[in-house]
Amino acid sequence: MTDCQGDVEGASTPMELYEKLSEQGVKVRSLKSAKADKTKVDTAVQLLLKLKMDYKQMTGHDYKAGCPPSENDAAPNNGPAADVAGEDDTVDPWTVSTTNAKGVDYDKLIVRFGSSKIDQELVDRIEKVCGQKPHRFLRRGVFFSHRDMHQVLDAYEKHKSFYLYTGRGPSSEAMHVGHLIPFIFTKWLQDVFDIPLVIQLTDDEKYLWKDLTVEECHRFAIENAKDIIACGFDINKTFIFSDLDYMGSSPEFYRNVVKIQKHVTFNQVKGIFGFTDSDCIGKISFPAIQAAPSFSNSFPHVFGSRKDIQCLIPCAIDQDPYFRMTRDVAPRIGYPKPALLHSTFFPALQGAQTKMSASDANSSIFLTDTPKQIKNKINKHAFSGGKDTVEEHRKYGGNADVDVSFMYLTFFLEDDEQLEKIRQDYTSGALLTGELKKILIETLQPMIAQHQERRKQVTDDLVKQFMTPRPLNFNL
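Residues numbered from 1 in each chain as written. Predicted model: local features only at pLDDT ≥ 70, side-chain atom pairs only at ≥ 80, totals over all residues. Heavy atoms only, no water.

## Description of the nonpolar core
One finds Phe143, Phe193, Ile240, Ile365 and Leu444 to be the most contacted residues of the largest nonpolar core, which totals 68 residues. Examining the composition of this core, we find that 8 residues originate from one element, helix α7 (residues 180-193), more than from any other. Of all hydrophobic cores here, the second largest spans 36 residues; its members include Val269, Ala291, Ile309 and Tyr322. (Core = buried A, V, L, I, M, F, W, Y, C linked by side-chain atoms within 4.5 Å. Buried < 20%, exposed > 50% of the residue type's maximum accessible area, 1.4 Å probe, protein only. Helix = DSSP H or I, 4+ residues; strand = E, 2+ residues; numbered from the N terminus.)

Structure follows, in structure tokens:
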């Protein structure tokens, strides 16, 4: 599969981007005049559109052929750079918002970020390679976008393995169900491919961005690690680490951080992340710390000095800017580019317009909630796609595309046929909103109760074992 992003990473000035745009325009015209394969033309056009959006974001005005930018062209910097997917969608590592009740337009986001759609062909190929039914997150498009997944599978078929890397920013003691999405899927990947996993807890990031003490951030990291371990990861194949701990104890990790820092300019991180002159220098240097686990020799106790083992990163797509930067740097410091699998956002109870927030108790179902709290939150706060009266709902049916209870079931209900029947019944009016909420309550209550029971079994000693640098048991 062609990775469009690979052609644009590294354009750090308006003139460089202008030149790339001019070259891409010529390429598109050439492919069209030669009546090239439709896939090649579509890929080239997709990249051209992305370059134009990048150019407008960097310079503040539209690209015009024959009108190169002036030396002083630069878009005004008013805070975090918004990666705009649709006109009303804002997606970056700190902000996700949309005015659309259905949520973010992910097709536009794929074009904006220059990634590739996870199509049925790729889902079928993953099933063939791993010999397992695809996870429901793949079957239902929860993980919808990727970078280089075909390359990972090509290598795996030739008996060349890879490793997994995902993470968590520990900003509070309690996690909510949305935080589980990447870990549920990562565990499935670890199980079916039988590969090692590293999990980064960015307690340093939370200290830099939040009004918290270093001690609080580190404590949250340990508490979050207990919830992560409760997902069932294999201790023999999993290393969990706190940045505040590991950075000081691993020279190899820090050396990779420094290599990355040397190859990314202040202009580039301003363009990618929207940093301003008033941001602390810790924020400006942090992206290199999130990038470093993408390279296998950052973990000498696991991989020794090997730097050729490819990394696969399952994450929500708002984290992609970090790894676009990483993929740009990787070949320049002699490492393979990490591959990615991107998930959609888990909606707040109040609707898909925003992500859930750990600071708003009623926007989320927390992993610490009691069965009664789960029931009350869903009944009182879950946004409904139903009609105002029973009579209207019976006659016209509900809208499952905006109904939060149905959205949650797409994440957590395993049975595809049952899910489709619920959709049909709700859309026809045969199933009322209250009945739909009841199905969700009966799905989440036992799931969270089971998680709480598993978490009780996670002792401080077990956490220490997971977080101790050590060899892992795997074959590469």
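Continuing now.
## Brief notes about the packing of helix α16 (residues 371-381) against helix α20 (residues 433-456)
Taken N-terminus to C-terminus, the directions of α16 and α20 make an angle of 150 degrees; their axes are 10 Å apart at the nearest point. Compared by their axis directions, α16 and α20 come out roughly antiparallel. Of the two possible hands of crossing, α16 and α20 adopt the one that is right-handed. Contact residues: α16 offers Pro371, Ile374, Lys375, Ile378 and Asn379, while α20 offers Lys437, Leu440, Ile441, Leu444, Gln445 and Ile448. For the contact of α16 with α20, the per-class residue count stands at 7 nonpolar, 2 polar and 2 charged. (Axes fitted to C-alpha atoms, helices over the stretch in contact; angles between N-to-C directions. Parallel < 35°, antiparallel > 145°, perpendicular 65-115°, else oblique. Left-handed = near helix turned anticlockwise from the far one by under 90°. Contact = heavy atoms within 4.5 Å. Nonpolar A, V, L, I, M, F, W, Y, C, P; charged D, E, K, R; others polar.)

## Section: the sheet that holds strand β6 (residues 162-168)
Pairing within the open sheet is mixed, and its 7 strands lie in the order β4-β5-β10-β9-β6-β7-β8. Two strands in the sheet have a free side with no partner beyond their single neighbour: β4 (116-117) and β8 (238-242). Across 3 bridges, the pairing between β6 and strand β9 (residues 310-316) is parallel. Paired with Leu164 across the bridge in β9 is Leu312. (Pairing = 2+ DSSP bridges.)

## Points about the state of the cysteines
Considering all chains together, one arrives at 0 disulfides under this definition. There is no disulfide at Cys130, and the cysteine sulfur nearest it, in Cys311, is 19 Å away. The exposure class assigned to Cys130 is buried, which follows from its relative accessible area of 11%. Cysteine Cys315 shares no disulfide, and the gap to the nearest cysteine sulfur, in Cys311, comes to 10 Å. Residue class for Cys315 comes out buried when judged on its relative accessible area of 7%. (Disulfide = S-S within 2.5 Å.)

## Some remarks on the pattern of salt bridges
Taken as a whole, this structure holds 26 salt bridges when the rule is applied. A salt bridge links Lys237 to Asp194, with the shortest nitrogen-to-oxygen separation between them at 3.3 Å. Residue Lys237 is found in the loop between α9 (214-229) and β8, and its partner Asp194 is found in the loop between α7 and β7 (197-201); the two are separated by 43 residues along the sequence. For Lys237, a relative accessible area of 11% corresponds to the buried category. The exposure class assigned to Asp194 is partly exposed, which follows from its relative accessible area of 46%. For the salt bridge of Glu442 with Lys438, the shortest nitrogen-to-oxygen distance reads 2.6 Å. Pair noted here: Glu442 and Lys438 are both in helix α20, with a separation of 4 residues, about one helical turn. Glu442 gets classed as partly exposed once you look at its relative accessible area, which sits at 45%. Each of the salt bridges in this network shares a partner with another, and the network as a whole consists of Arg136, Arg139, Arg140, Glu414 and Asp416. (Salt bridge = Lys/Arg side-chain N within 4 Å of Asp/Glu carboxyl O.)

## Let's talk about the confidence of the model for the protein chain
Per-residue pLDDT for the protein chain has a mean of 89; in total, 90% of the residues score no lower than 70. This stretch, residues 1-10, has a pLDDT under 50; its non-local contacts, to residues over four places away or in other chains, come to 32 contacts. Note on residues 75-86: pLDDT is under 50 here. Beyond four places in sequence and across chains, it has 40 contacts. (pLDDT = per-residue confidence, 0-100.)

## Some words on helix α19 (residues 416-428)
For α19, with 13 residues, the first-to-last C-alpha span of 18 Å sits near the 18 Å given by 1.5 Å per residue. By the burial criterion, the buried members of α19 are Leu419, Ile422 and Tyr426. Taken around the axis of α19, the buried residues stretch over an arc of 60 degrees, which confines them to a single face. Among the exposed residues of α19, those oriented more than 90 degrees off its buried face are Glu417 and Lys421. (Expected span 1.5 Å × (residues − 1). Arc of directions from axis to C-beta.)

## Some details on the pairing of strand β10 (residues 339-343)
Strand residues, when the strand is regular, have side chains that alternate between the two faces of the sheet. Buried residues dominate β10, accounting for 5 of its 5 residues. Covered by surrounding structure in β10 are Ala339, Leu341 and Ser343 together with Leu340 and His342, the residues of both alternating faces. Bridge analysis of strand β5 (residues 143-147) against β10 gives 4 bridges, and the strand direction is antiparallel. Note on β10: the bridge partner recorded for His146 is Leu341. Sheet topology places β9 next to β10; 5 bridges connect them, and they run parallel. Pairing of Pro314 across the sheet is with Leu341, part of β10. Handedness of the β-α-β unit built from β9, helix α15 (residues 320-329) and β10 comes out right-handed. (Right-handed = clockwise from strand over helix to strand, strands pointing away.)

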